[in-house]
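Examination of the molecular architecture
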Amino acid sequence: LDTSSGMSPFLLSVDPLSLFSFNKIRNAKNGIYGYHNQSINSKAKYFASKMSKRWKSISKKEKERLFRYEGKSLWKYAMPTFNFLYSKDYLYVLGYHYELCKRILKEENISKIVLTSQNNLFEKCMIAAGKEYNIPVLIIQHGIGLGTFKSVDVIQREKFAVWGEC
């Protein structure tokens with residue numbers, strides 16, 4: 001890292017909540033949940049409620065039409081996943097982490113983001129928050145699987161550091 005630019009690294013500790021999280025969070029120097037405030041909570045609740053209602057307002061008939069392939073409805077197979085992804089609980093977690101990322105980027109005056117993945121919820125929220133604030137994102141490859149399978153994520157302005165030829 002070139003420190004002559006006046007930049008210094010800001011390492012943020014992120015751990016998915018689990019039985020072991022308390023000790024990890026408690027011992028982390030910079031943990032994401034230290035940025036929690038009531039405004040983030042309120043925004044996440046509003047987002048979750050609004051988006052969940054919008055999903056529920058789409059009729060079953062319309063969802064069956066949207067999930068049709070070669071004349072057959074695939075909705076019954078997709079329904080559990082989509083109902084989970086548009087559930088108020090999941091949307092709250094998504095909105096909460098997105099708002100948390102925005103606050104971290106603003107409060108810490110982050111000018112560049114370096115991640116080791118783009119796959120998990122936190123990383124996706126950080127990428128989206130970075131895009132909102134026009135902050136460049138570098139994703140460092142940490143396994144041989146990256147690029148092996150087609151991704152649903154559209155790479156736009158993010159940059160990837162990879163091994164070998166790309």
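Heads up: the structure comes first, above all this text.
In this report, we go over the structure that sits alongside the text. Keep in mind it's a predicted model, so treat the numbers as computed, not measured.

**Here's the deal with the overall build of the chain**
When its secondary structure is counted, the chain shows 6 helices and 5 strands. Traced from its N-terminal end to its C-terminal end, the chain shows the element sequence α-α-α-β-β-α-α-β-α-β-β. Considering the chain as a whole, with its 166 residues, one finds that 26% of them fall into the buried category. Across the chain, every contact between residues at least 6 apart in sequence was considered, and the portion connecting residues at least 24 apart equals 55%. Total accessible area on the chain is roughly 12100 Å²; 57% of this is exposed by carbon and sulfur atoms.

**Some remarks on the pairing of strand 4 (residues 137-140)**
Only one face of strand 4 is buried, namely the one carrying Val137 and Ile139, since none of Leu138 and Ile140 on the opposite face is buried. Taken together, the 3 bridges between strand 3 (residues 113-115) and strand 4 define a ladder with parallel strand orientation. Paired with Leu115 across the strands is Ile139, a residue of strand 4. For the crossover that starts at strand 3, traverses helix 6 (residues 121-132) and ends in the parallel strand 4, the hand is right-handed.

**Structural notes on the layout of surface pockets**
If you add up the space inside the largest pocket, you get close to 710 Å³. Taken together, 22 residues line the largest pocket, and the ones lying closest to its centre are Phe10, Ile110, Lys112, Ile113 and Val114. Of all the secondary-structure elements, those providing two or more residues to the lining of the largest pocket are helix 5 (88-107), strand 3 and helix 6. Split by residue class, the lining of the largest pocket holds 15 nonpolar, 4 polar and 3 charged.

**Brief notes about the state of the cysteines**
Tallying each qualifying case throughout the model produces 0 disulfides. Cys101 forms no disulfide, and the closest cysteine sulfur to it belongs to Cys125, at a distance of 5.6 Å.

**A few points about the nonpolar core**
Among the nonpolar cores identified, the biggest contains 20 residues, and Leu100, Cys101, Leu105, Ile113, Leu115, Met126 and Val137 are the most heavily contacted of them. Sorting the residues of this core by element identifies helix 2 (38-56), helix 5, strand 3, helix 6 and strand 4 as the ones contributing at least two each.

What counts and how
- Residues numbered from 1 in each chain as written.
- Predicted model: local features only at pLDDT ≥ 70, side-chain atom pairs only at ≥ 80, totals over all residues.
- Heavy atoms only, no water.
- Helix = DSSP H or I, 4+ residues; strand = E, 2+ residues; numbered from the N terminus.
- Buried < 20%, exposed > 50% of the residue type's maximum accessible area, 1.4 Å probe, protein only.
- Contact = heavy atoms within 4.5 Å.
- Areas by Shrake-Rupley, 256 points an atom, 1.4 Å probe, with all protein chains shown as cover.
- Pairing = 2+ DSSP bridges.
- Right-handed = clockwise from strand over helix to strand, strands pointing away.
- 1 Å grid on protein atoms, 1.4 Å probe; cavity = no way out; pocket = protein on both sides within 12 Å on 5 of 7 lines; lining within 4 Å.
- Points joined across faces, edges and corners; volume = space filled by probe spheres on them.
- Nonpolar A, V, L, I, M, F, W, Y, C, P; charged D, E, K, R; others polar.
- Disulfide = S-S within 2.5 Å.
- Core = buried A, V, L, I, M, F, W, Y, C linked by side-chain atoms within 4.5 Å.

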